[in-house]
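Chains, contacts and geometry: an overview
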Amino acid sequence: MAETPPSRQWLGSGLRMQWCLALLALVLVQPAAGDGKLQDSTITEFSVNIYRYLSSLNKDRNIFYSPLSIATALGMVELGTNGTTLEQIQHAMGYSKMAKGEEFLMLQNISQAMNEPSQQYLLKLANSLFVQDGFQLSDKFLQMMKQYFNASVKNVDFNHPSDVAVYINQWVLDCTNHRIQKLVSPSDFTALSRLVLVNAIYFKGSWKSQFRPELTQAFPFTKDDESEVQISMMYQQGEFYYGEFTDGTDEAGGIYQVVELPYKGDEMSMMIVLPRQEVQLASIEPLLKTQQINEWANSIKKEKVEVFLPKFKVKQSIDLKEVLSSLGMSEMFDMNADLSAMTERNDLYISKAVHVSYLEVNEEGSEAAGVSGMIISNRMGSLAPQVLADHPFFFLIRNRKTGTIYFMGRVMHPEDIDPTEKYPEAS
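Residues numbered from 1 in each chain as written. Predicted model: local features only at pLDDT ≥ 70, side-chain atom pairs only at ≥ 80, totals over all residues. Heavy atoms only, no water.

**What about the overall build of the protein chain?**
- Tallying secondary structure elements over the protein chain gives 9 helices and 15 strands in all.
- In the protein chain, buried positions account for 56% of the 427 residues.
- Carbon and sulfur atoms provide 46% of the accessible area of the protein chain, an area that totals close to 18,000 Å². (Helix = DSSP H or I, 4+ residues; strand = E, 2+ residues; numbered from the N terminus. Buried < 20%, exposed > 50% of the residue type's maximum accessible area, 1.4 Å probe, protein only. Areas by Shrake-Rupley, 256 points an atom, 1.4 Å probe, with all protein chains shown as cover.)

**Re the confidence of the model for the protein chain**
- Across the protein chain, the average pLDDT comes to 80, with 81% of residues at or above 70.
- Ranking the elements of the protein chain by mean pLDDT puts helix α9 (residues 375-380) last, at 30, and helix α3 (residues 83-93) first, at 95.
- Within the model, pLDDT remains below 50 along residues 32-38, and this stretch shows 6 contacts once partners closer than five positions in the same chain are excluded. (pLDDT = per-residue confidence, 0-100. Contact = heavy atoms within 4.5 Å.)

**Considerations on the nonpolar core**
- Core analysis: the biggest nonpolar cluster contains 109 residues, and Trp 296, Leu 309 and Phe 393 have the highest contact counts within it.
- Split by domain, the residues of this core number at least three in each of domain 1 (38-205 + 313-361) and domain 2 (213-310 + 384-417). (Core = buried A, V, L, I, M, F, W, Y, C linked by side-chain atoms within 4.5 Å. Domains from an automatic or database assignment.)

**With respect to the packing of helix α4 (residues 102-114) against helix α5 (residues 139-149)**
- Running from N to C, α4 and α5 point in directions that differ by 50 degrees, and their axes come no closer than 8 Å. Between α4 and α5, the interaxial angle falls into the category oblique. In this structure, α4 uses Phe 104, Leu 105, Leu 107 and Gln 108 to contact α5, whose residues at the interface are Gln 147, Tyr 148 and Phe 149.
- Within the contact of α4 with α5, the residues separate by chemical class into 5 nonpolar, 2 polar and no charged. (Axes fitted to C-alpha atoms, helices over the stretch in contact; angles between N-to-C directions. Parallel < 35°, antiparallel > 145°, perpendicular 65-115°, else oblique. Nonpolar A, V, L, I, M, F, W, Y, C, P; charged D, E, K, R; others polar.)

**Considering α5**
- Of the residues making up α5, those classed as buried are Phe 141, Met 144, Met 145, Tyr 148 and Phe 149. In a view along the axis of α5, the buried residues occupy a sector of 105 degrees, so they form one face of it. Looking at α5, the residues exposed on the side facing more than 90 degrees away from the buried face are Asp 139 and Gln 143.
- The inward-facing, buried residues of α5 abut α2 (67-78), α4, β3 (121-132) and β5 (193-205).
- Structurally, the start of α5 carries an N-cap: the backbone nitrogen of Lys 140 is 3.2 Å from a side-chain oxygen of Ser 138. (Arc of directions from axis to C-beta. Polar contact = N/O pair within 3.5 Å; in protein donor to acceptor, adjacent residues only side chain to side chain.)

**Topic: the pairing of strand β8 (residues 255-262)**
- Counting buried residues in β8 gives 7 out of 8 residues, a clear majority hidden from the surface.
- Of the strand pairs in this sheet, strand β7 (residues 228-246) and β8 are connected by 6 bridges, and their pairing is antiparallel. Bridge assignment links Tyr 241 to a residue of β8, and that residue is Glu 260.
- Bridge count for β8 against strand β9 (residues 268-275) is 7 bridges, and the pairing is antiparallel. If you follow Gln 257 over to β9, its bridge partner there is Leu 274.
- Between β8 and β9, which follow one another and run antiparallel, lie 5 residues, and Gly 265 among them has a positive phi close to 100 degrees. (Pairing = 2+ DSSP bridges.)

**Describing the packing of α2 against α4**
- In the contact formed by α2 and α4, the axes pass within 11 Å of each other and the chain directions differ by 130 degrees. The orientation of α2 relative to α4 falls into the category oblique. Classified by chirality, the crossing of α4 by α2 is left-handed. On α4, the residues touching Leu 68, Ala 71, Thr 72, Gly 75 and Glu 78 of α2 are Glu 103, Phe 104, Leu 107, Ile 110 and Met 114. (Left-handed = near helix turned anticlockwise from the far one by under 90°.)

**Overview of the environment of Ser 209**
- Within the fold, Ser 209 resides in the loop between β5 and β6 (217-222).
- The spacing of Ser 209 and Tyr 263 is 54 residues in sequence and 7.7 Å in space, taken between C-alpha atoms.
- Setting aside residues no more than four positions away along its own chain, Ser 209 makes contact with Gln 236 and Phe 240.
- At a separation of 2.6 Å, a polar atom in the side chain of Ser 209 contacts the side chain of Gln 236.

**Looking at the pairing of strand β10 (residues 301-310)**
- Relative to β10, β7 runs antiparallel, the two being bridged by 10 bridges. Bridge assignment links Gly 238 to a residue of β10, and that residue is Val 305.

**A short note on the pattern of salt bridges**
- As enumerated under the stated definition, the model contains 6 salt bridges in all.
- The salt bridge partner of Lys 208 is Asp 266, with a shortest N-O separation of 2.9 Å. Separated by 58 residues along the polypeptide, Lys 208 in the loop between β5 and β6 and Asp 266 in the loop between β8 and β9 bring together distant segments of the chain.
- Overall, the relative accessible area of 30% leaves Asp 266 in the partly exposed class.
- Between Glu 285 and Arg 410 there is a salt bridge, with the nearest N and O atoms lying 2.9 Å from each other. Placement of the pair is Glu 285 in the loop between β9 and α7 (290-299) and Arg 410 in strand β15 (residues 405-411), with a sequence separation of 125 residues. (Salt bridge = Lys/Arg side-chain N within 4 Å of Asp/Glu carboxyl O.)

Written as structure tokens, this is what we have:
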């Protein structure tokens, strides 16, 4: 049945494809001279902790990252650690509650499931080690890297940093379908560099129920500082998992909305959490907890909903040295690091940790047009609940079957995609 938008054929847009990319690199230098629910909750709790830290740095910026990508890269590091360095990672990640080595099986299972071929979407996780030519790594470490992370090992010469940067960035290009052009720079390496661990996660999906491009219209997006920017707003009406929840206050009725938009195949989805228009996103961000995410997932019910969603892109390069240190994983970055399980020598530490991620939500071949003010009267006449994302919101991209969170972020100011713009480069 053809879908009819609200009066005067308002909004909508074919948000047909989404690109989600994340890269994480860990550069190591040598100084001169069990339970399924528990497994799911550890990644979720880690996701929430990163979000809280990034949110505290700047209340007005977009956020986007892949907690699974970061956790995978940390798992690669953990295999090479001993002593208090190992204890810090296990405690901060919640692995101390698991049986010995169970976290590696968890990450292995997730990685294998992600790399299974699917006709509905493209999801790929890749890992690689770039090792100084002639530098000896433990056979046991290399064996476990291959077993748990299917990590390839490539020899490079950090005495030629420009060549190494080109080589690693080409690997990044190949793993992300040329969507991220630069992860490392020659200045990231010195003659003392010994090892670079790189993890890449790539996702491309289409909505199960696609937005119609001809329904997209220009519309104002109100930021938390009450300023407005013009964005392209998409519209569709359909059956989605939806719920209304209370934030425990009387502000704007104390109610906020959660809607889940599935991708083709129903396995993956984007969950959007939207406060009332009168309420700043910061007022409900403290609700973002593992238990609350589980409650959202278990409580939302399928019903007819009108969804107004902006086209947007979020890209971010995160220096993880500060982030991970704030979560209690600082020793790996200083001279006291114990990475002796990687090599017989105990004089390695991590000099740089960077996470690059990019999300694009758009439709092919559409143009925004029309008058922005029509939404007000249309909203009043609708019987179905309306999710109008014309103000800041946060979101998760997750596996609906396992609950694993692949990506998490917030949109404080959406931007339309310029088709001539180059894809993001890590700074």
